[in-house]
Amino acid sequence: MNGIIVIDKPSDFTSFDVVAVVRGTLHEKKLGHTGTLDPMATGVLPVLIGRAAKAQSLLPDTDKQYVADFRLGITTDTLDITGKVLSEKSSSITEEELLLSLEPFRGDIMQVPPMYSAVSKNGVRLYDLARQGIEVERDARPVHIGELTLLGFDAAAQSGSLRITCSKGTYIRVICDDIGKALGCGCVMTALRRTAACGFTEADAVSLDRLRELANENRIEEILRPTDSVFACYPEIRISEGQSFRFFNGGGLSLERLSQVKKARHGDIYRVYGPDGTFLGLGEIDTEKSELAVKKRFCD
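Residues numbered from 1 in each chain as written. Predicted model: local features only at pLDDT ≥ 70, side-chain atom pairs only at ≥ 80, totals over all residues. Heavy atoms only, no water.

Here the focus is the overall build of the protein. Scanning the protein for helices and strands turns up six helices and 18 strands. Seen through its C-alpha atoms, the protein measures out along the principal axes to roughly 70 × 50 × 40 Å. Taking as baseline every contact in the protein between residues at least 6 positions apart, the subset at least 24 positions apart corresponds to 65%. Put simply, the protein shows about 15100 Å² of open surface, and 47% of that area lies on carbon and sulfur atoms. Here the protein carries 37 positive and 42 negative side-chain charges, and the mean point of each set is 6 Å from the other. (Helix = DSSP H or I, 4+ residues; strand = E, 2+ residues; numbered from the N terminus. Contact = heavy atoms within 4.5 Å. Areas by Shrake-Rupley, 256 points an atom, 1.4 Å probe, with all protein chains shown as cover. Lys, Arg positive; Asp, Glu negative; His and termini not counted. Charge placed at Lys NZ, Arg CZ, Asp CG, Glu CD.)

Across the sheet, five strands lie side by side as 14-16-17-18-15; this open sheet has mixed pairing. Edge positions in the sheet fall to strand 14 (236-238) and strand 15 (253-254), since each of these pairs with one other strand and no more. Pairing between strand 14 and strand 16 (residues 269-273): three bridges, direction parallel. Among the inter-strand pairings, Ile237 is bridged to a residue of strand 16, identified as Val272. (Pairing = 2+ DSSP bridges.)

Here the focus is the pattern of salt bridges. As enumerated under the stated definition, the model contains 13 salt bridges in all. Glu103 is the partner of Arg106 in a salt bridge, and the nearest nitrogen-oxygen pair spans 2.7 Å. Between Arg163 and Glu147 there is a salt bridge, and its shortest N-O distance comes to 2.9 Å. Note that Arg163 is positioned in strand 11 (residues 159-166) and Glu147 in strand 10 (residues 141-154), a separation of 16 residues in sequence. Here Glu147 falls in the partly exposed class, since its relative accessible area comes to 21%. (Salt bridge = Lys/Arg side-chain N within 4 Å of Asp/Glu carboxyl O. Buried < 20%, exposed > 50% of the residue type's maximum accessible area, 1.4 Å probe, protein only.)

This brings us to the environment of Pro142. As for its placement among the helices and strands, Pro142 is situated in strand 10. Separated by 95 residues in sequence, Pro142 and Ile237 place their C-alpha atoms 33 Å apart. Setting aside residues no more than four positions away along its own chain, Pro142 makes contact with Ile109 and Met110.

Our next topic: helix 2 (residues 95-102). Within the sequence span of helix 2, burial applies to Leu98, Ser101 and Leu102. Summarising the axial view, the buried residues of helix 2 lie within an arc of 105°, below the 170-degree limit, and thus occupy one face. Among the exposed residues of helix 2, those oriented more than 90 degrees off its buried face are Glu96 and Leu100. (Arc of directions from axis to C-beta.)

A residue-level look at the protein finds 99% of positions with pLDDT of 70 or above and a mean pLDDT of 92. Confidence scores differ between elements of the protein, with strand 8 (residues 120-121) showing the lowest mean pLDDT of 72 and strand 11 the highest of 98. (pLDDT = per-residue confidence, 0-100.)

For the rest of this paragraph, the subject is the nonpolar core. One finds Phe70 and Ile172 to be the most contacted residues of the largest nonpolar core, which totals 29 residues. Residue assignment for this core shows that the elements contributing at least two residues are strand 4 (64-72), helix 2, strand 10, strand 11, helix 4 (172-183) and strand 12 (187-197). Excluding residues that lie within four positions of it along the chain, Ile172 makes contacts with Tyr66, Ala68, Ile164, Cys166, Met189 and Leu192. Counting 20 residues, the second-largest nonpolar core is a separate cluster that includes Ala55, Leu58, Phe231 and Tyr234. (Core = buried A, V, L, I, M, F, W, Y, C linked by side-chain atoms within 4.5 Å.)

Now the structure itself:
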């Protein structure tokens, strides 16, 4: 079996837990996923199966979208509601004040990863240090926040929800915490749902129960998406039978014989298909050699 199944990850499951369930249900050995979700988070988690698992290290840097619930007036060591409470105080922030506080966190910003994260410092995961009560300096990283919208706010409860579209590597918990710091009252994330990732949305996702049901009925093909769907952001190119044979064997293709490549820019990536429409893999423009080099084959 080769392809992608988009799972609606339940709360209290790690991403690896989900992969384990899919592996056990489908009896497949080669699996991967497209991006870790915290155990408390729910939502879109594409699982790569068979040859599609080769895509794990090649995923395009497409934006992800989340809906995050938050509460003002409280801080924790994990920056979410599951952590140890560090401070708690009365808060009376208005919706207008909250809306104004969001502006600095839109666009290209620098973000410091949280201690409870899988980021490494001197070869040690930050969460391992955090569990020992050790806090270390972390370098801020550039991230892009394409959308930061207040979906609702209950002034009495000092809680609300945000819709966030962001680049890979963005920590939603940190956005909530930074908003709390900007307002001077503290803030924690109380729930998180990923609504879009790798070009897939909630509408594409199925529950683990639904996965099991379809597997028992031998109907997995209904939710198995083609491997190339995760690379939809790249332009496609069709090649001849002879070129397909060369590509399959790892040979680059002369740009002079690729009429579909109009403006060759070094490093550009293409989805490569054989004459019958079979997805062969990814090719990358090498202007020095004037060829489309093989980046990764998915046909073997």
